[in-house]
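The primary structure of each chain is shown beneath.
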Amino acid sequence: MPSVLVENYFRTEKLPQIWCPGCGHGIITRSIASAIEKSGIDKNKICIVSGIGCSSRAPGYLDFNTLHTTHGRALAFATGIKMAKPEIKVIVIMGDGDATAIGGNHLIHACRRNIGITAIVYNNSIYGMTGGQYSPTTPKYDKGTTAPYGNIDKAFDICKLAASAGATYVGRATAYHASLVTSLVQNAISNEGFSLIEAISMCPTYYGRKNKKGSAVSMMEWQKNSAINISAAAKMSPEALEGKFLIGELKNSPEPEYTNEYQKIIDRLKKESQ
Amino acid sequence: MKSKARLMQGNEACVEGAIAAGMRFYAGYPITPSTEIAELSAERLPLVGGRFMQMEDEIGGMAAIIGASLTGAKSMTATSGPGFSLKQENIGYASIAEVPCVIVNVQRGGPSTGMPTSPAQGEIMQARWGTHGDHPVIALTPSSVRETFDLTIKAFNFAEKYRTPVILLMDEVIGHMREKVQLPDPSEIEIIDRKRPDCSSEEYLPYEADNDLVPPMADFGTGYRYHVTGLVHDETGFPSNSTAVADKLIRRLSNKIEIHRDEIESWEEENTEDAEVLILSYGCVARSSKSAMNILRERGIKAGTFRPITIWPFPEKRLRELAAKVKTIVVPEMNLGQLVLEVERICGCNAKIEKLNKVSCEIIYPEEIVSKIEEVL
Amino acid sequence: MKMEDIKAGEIQNEKVVINPAWCKGCGICVAFCPVKALELKNDKVVMVDVDKCTQCGMCELRCPDYAIYLRRKKNEKQG
Ligand code: SF4
Ligand code: SF4
Ligand code: SF4
């Protein structure tokens, strides 16, 4: 008999997940379930959509209408769901390669439209499922199986990307800061427009091993020591912030939501025809 | 009560047909020569409480209609050549996940950007085999404006009935041609809706097929909390690595169309009773074939026409019967010979088969068909 | 939680429940337990000192495999 949270929101017969020992994805998935529990939304009105990759296996374990789509396309499928049935709360789970490489176009346009979708990017800085190739979030000079001499691509800052593309709620947390993932996702769900939460995960199997980052535990230690909450960062010197990254609520500026705007057109046309 | 006759373009008839069939969601990307379908959908859909979206790209358009269809909305996208190539990925998804949807391809000259404003028939085989892996396909080809209206409705009906993507394969001539058409009264139109489960959500197995090999489909957001994936899956909808499950699924997907061929296949034939030469063509070329047949008949040549309306599945049984009676089958196509491969496969040993191909991105004229036939007889 | 709710193989005390069948032995809960009440034995987590456990919930929060959690009554919301 698992915990009440797991019992209520997971397909327990599918557990334990296929993820490797110490993979951060399980922690983040639990944090999302916890956010859903706290938001109190009817389970039958939630739809979880994913693309392809290690993270995208998450919906299979969650007890909702779940849609495991094609690589990079999760947000486009989700857009169709939200647009056709706006009363559904649509939550999209993607990996870093999924969301920002092959799905990058869908990502910026979902942000731009401010459509009522909560996107959660499990960022482990690597393509895990295919065996450790570098991704758009692999730090410069880190290694991947396709960057044996070090990656010379500059990494994306997913939160900055989403915020500048028009997402109205943006936040970042890590697997170590699991309860922050929960509170950010909870806020994201209650934002009417498009929200993006970057959840820094860890892939001890490929990214960790390739880059000598040690075990899952040491990767979480790194998260603990390198993440600075945005509120604390305000009081810190640039030197102290060197090599650190920000977590917390990075943007919260609500704007009219896309499906509501479309509904206004439908209502106006109805009125005019009467 | 019949509506007034209207002068209408093929692309317009497609949208009228879609709305009549119950389309309530459209997502797409602008591309010549299909753009009018998007423009008119944008105008018409909010008037009937439906929703239109211009997506960031063709792939997104295809993905969005699948998402919308999962909530129960009848959905369509339209495109042309290059966009049709981009949509193939998610057409395969709709196929394996059994999500009803309609994809319109108004064919233009290819490959690549080709001749964007000129007609062609280059996607006959892409319509059949465009997405990877074995999969079922229904593809319909109209050859008039009014038929575009009827076949769009049929496309939605087949999509709903068999839970499969259906392709409406038009060409630039049919898409842009204007004809005077009288649309039927809505009460005369047969509309088919997908089967929905009549069991409780606890008992629902989303991919357990009935005797017709089609599983009932629950709308997302109605309490049936099931999983949908593009991976090979069993009756529960969850992925499976079992070779037996894969074999069973792929065969069922294909068989759900195969066992209904008699209901799905349609064609039109003329003067086939005494025909010695049969002109087999589709889309805009079928119009030239008809004129060619009349000219040939006047000249004492017993010509008939055969026009597959469903090119996939191809009306195989009927063609085989005809092949046993005629001496020659001439297949004019605006490509280098695509559907003729199917004709050769079906009746290669029975009749002499002659190709007439044109890839200059212009229609095949009746005289060209006439001279080809006079040359080979 | 009633005794009959607990599956065979589950280890439980008055504070936490451990499901060794789901534990992958990653050691995350062990490393981040503030009072060092947990240990890995044969690649599975065990509680070595029940008295030390403050029921802070950190192990449950960070276990990727939901193999360790606080005892909590049905319907009781997570803190
Ligand atoms: S490969 Fe990496 S990301 Fe994938 S399950 Fe294993 S640890 Fe997690
Ligand atoms: S509840 Fe807290 S103190 Fe108790 S074992 Fe878990 S982490 Fe340690
Ligand atoms: S965190 Fe979970 S899986 Fe890892 S050792 Fe602890 S109980 Fe086992």
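For clarity, every value in this text was computed on a predicted model and none was experimentally measured.

**Student:** A description of the overall build of chain B should follow, citing residues and the corresponding values.
**Tutor:** The secondary structure content of chain B amounts to 13 helices and 16 strands. Rg of the C-alpha trace for chain B: 21 Å, near the compact-globule value of 21 Å for 377 residues, within the 12% margin. Taken along the three principal axes of its C-alpha coordinates, chain B extends 70 × 45 × 45 Å. Burial analysis of chain B (377 residues in total) assigns 63% to the buried set. Counting contacts in chain B only where the partners sit at least 6 residues apart, residues at least 24 apart contribute 76% of the total. As presented, chain B carries roughly 13900 Å² of accessible surface, and 50% of it is formed by carbon and sulfur atoms.

**Student:** So what's going on with unusual backbone geometry? Which residues, and what values?
**Tutor:** One can expect most non-glycine residues to show negative phi and most peptide bonds to be in trans. Residues and elements named next belong to chain B. With omega at 0°, the peptide bond leading from T32 into P33 counts as cis. Along the polypeptide, P33 turns up in the loop between β2 (23–28) and α2 (35–44). Positive phi, close to 55°, is recorded for E98, a residue that is not glycine. Locating E98 in the fold gives a position in the loop between α4 (81–97) and β5 (101–109). Note on E98: relative accessible area 0%, which makes it buried.

**Student:** Run through the packing of aromatic side chains, naming residues and quoting values.
**Tutor:** Counted by the stated rule, this structure contains twelve aromatic pairs over all chains. Directly above the ring of F238(B) sits K14(A), whose terminal nitrogen or CZ lies 4.1 Å from the centroid. It is K43(A) that lies over the ring of Y9(A); its NZ or CZ is 5.7 Å from the centre.

**Student:** So, the interface of chain C and chain A: which residues are in play, and what are the values?
**Tutor:** Contacts between the two partners involve 26 residues from chain C and, on the opposite side, 33 residues from chain A. Here chain C packs against chain A, burying approximately 2600 Å² in sum over the two surfaces, 61% of which is carbon and sulfur. Our count for the chain C to chain A interface comes out at one salt bridge. Salt-bridge contacts for R30(A) lead to E60(C); the nearest nitrogen and oxygen are separated by 3.1 Å.

**Student:** Can you explain the layout of surface pockets? Please cite residues and give values.
**Tutor:** Residues and elements named next belong to chain A. Of the pockets and cavities examined, the largest pocket occupies roughly 940 Å³. Lining the largest pocket are 35 residues; nearest its centre among them are P139, E198, I200, W222 and F245. Put simply, the parts of the chain that give the lining of the largest pocket at least two residues each are α7 (158–165), β6 (195–200), α10 (216–226) and β8 (245–252). A class-by-class count of the residues in the lining of the largest pocket yields 16 nonpolar, eight polar and eleven charged. Per-class residue counts for the lining of the second largest pocket are seven nonpolar, five polar and six charged.

**Student:** Which residues make up the site of ligand 1, and what values do they have?
**Tutor:** Residue and element names in this part refer to chain A. Neighbouring ligand 1 are the residues W19, C20, C23, H25, C54, N124, G128, C203, P204, T205 and Y206. If one sorts the elements of the shell around ligand 1 by residue count, helix α9 (residues 204–210) sits on top with three residues. Along the lines of polarity and charge, the residues of the shell around ligand 1 split into seven nonpolar, four polar and no charged.

**Student:** Quick one: what's the story with the interface of chain A and chain B, residue by residue and with numbers?
**Tutor:** On the chain B side, the residues contacting the 40 residues of chain A number 40 residues. The largest share of the area that chain A buries against chain B comes from N65(A), H68(A) and F77(A), three residues that together contribute 17% of it. At the boundary of chain A and chain B, one finds three salt bridges. With its nearest N and O atoms 3.1 Å apart, the salt bridge here joins R225(B) to D63(A). Between chain A and chain B we count 22 residue pairs in polar contact (both at pLDDT 80 or more) in total. Of all the secondary structure elements, the ones that give two or more residues to the side of chain A that touches chain B are α3 (58–61), β2 (65–68), α4 (74–84), α6 (104–113) and α13 (258–273) of chain A. Across the side of chain A that touches chain B, the residue classes tally to 16 nonpolar, 15 polar and nine charged.

**Student:** So, the arrangement of the chains: which residues are in play, and what are the values?
**Tutor:** Here two pairs of chains are in contact, and chains A and B lead that list by number of contacts. The two partners chain B and chain C share no contact, and the minimum distance between any of their C-alpha atoms is 20 Å.

**Student:** Tell me about the site of ligand 3, residues and numbers included.
**Tutor:** Taken together, C23(C), K24(C), G25(C), C26(C), G27(C), C29(C), L40(C), V45(C), C63(C), P64(C), A67(C) and I68(C) make up the full set of residues adjacent to ligand 3. Each residue belonging to the shell around ligand 3 can be placed in one class, and the counts come to nine nonpolar, two polar and one charged.

**Student:** Tell me what's going on with the pairing of strand β1 (residues 46–50) of chain A, and back it up with residues and numbers.
**Tutor:** All names here are of chain A. Where burial is concerned, most of β1 is hidden: five out of the five residues are buried. Side chains I46, I48 and S50 project from β1 onto one buried face, and the interleaved C47 and V49 project onto a second face that is buried too. Sheet topology note: the β1/strand β3 (residues 89–95) ladder contains five bridges and is parallel. Bridging across to β3, I46 finds its partner in K89. By the bridge criterion, four bridges tie β1 to β2 in an arrangement that is parallel.

**Student:** Give me the sheet that holds strand β15 (residues 328–333) of chain B: which residues, what numbers.
**Tutor:** Residues and elements named next belong to chain B. Strands sit in the order β11-β13-β12-β15-β16 across an open sheet of five strands; the sheet is mixed. The sheet terminates laterally at β11 (267–270) and β16 (352–357), the two strands that pair on one side only. The mean inter-strand angle of the sheet, taken between neighbouring strand axes irrespective of direction, is 20°. By the bridge criterion, three bridges tie strand β12 (residues 277–280) to β15 in an arrangement that is parallel. By the bridge assignment, L278 is partnered in β15 with I329.

**Student:** With reference to specific residues and values, describe the nonpolar core.
**Tutor:** Across soluble globular proteins, you tend to see nonpolar side chains buried next to one another. Of all hydrophobic cores here, the largest spans 146 residues; its most connected members are V49(A), F194(A), M76(B), V104(B), L319(B) and I329(B). Of all the elements, helix α6 (residues 145–162) of chain B adds the most residues to this core, at nine residues. For F194(A), the residues in contact, after removing those within four places along its chain, are L75(A), L107(A), A110(A), C111(A), N114(A), I115(A), G116(A), I117(A), A119(A), A167(A), T168(A) and Y169(A). Listed in part, the 70 residues of the second largest apolar core include L5(A), F10(A), I120(A) and C63(C).

Calculation criteria
- Residues numbered from 1 in each chain as written.
- Chains lettered and ligands numbered in written order.
- Predicted model: local features only at pLDDT ≥ 70, side-chain atom pairs only at ≥ 80, totals over all residues.
- Heavy atoms only, no water.
- Helix = DSSP H or I, 4+ residues; strand = E, 2+ residues; numbered from the N terminus.
- Rg over C-alpha atoms; globule rule 2.2 N^0.38 Å.
- Buried < 20%, exposed > 50% of the residue type's maximum accessible area, 1.4 Å probe, protein only.
- Contact = heavy atoms within 4.5 Å.
- Areas by Shrake-Rupley, 256 points an atom, 1.4 Å probe, with all protein chains shown as cover.
- Phe/Tyr/Trp six-rings, centres within 6.5 Å; stacked < 30°, edge-to-face > 60°.
- Lys NZ or Arg CZ within 6 Å of the ring centre and 35° of its normal.
- Buried area = accessible area lost by both parts, 1.4 Å probe.
- Salt bridge = Lys/Arg side-chain N within 4 Å of Asp/Glu carboxyl O.
- 1 Å grid on protein atoms, 1.4 Å probe; cavity = no way out; pocket = protein on both sides within 12 Å on 5 of 7 lines; lining within 4 Å.
- Points joined across faces, edges and corners; volume = space filled by probe spheres on them.
- Nonpolar A, V, L, I, M, F, W, Y, C, P; charged D, E, K, R; others polar.
- Near = heavy atom within 4 Å.
- Polar contact = N/O pair within 3.5 Å; in protein donor to acceptor, adjacent residues only side chain to side chain.
- Pairing = 2+ DSSP bridges.
- Axes fitted to C-alpha atoms, helices over the stretch in contact; angles between N-to-C directions.
- Core = buried A, V, L, I, M, F, W, Y, C linked by side-chain atoms within 4.5 Å.

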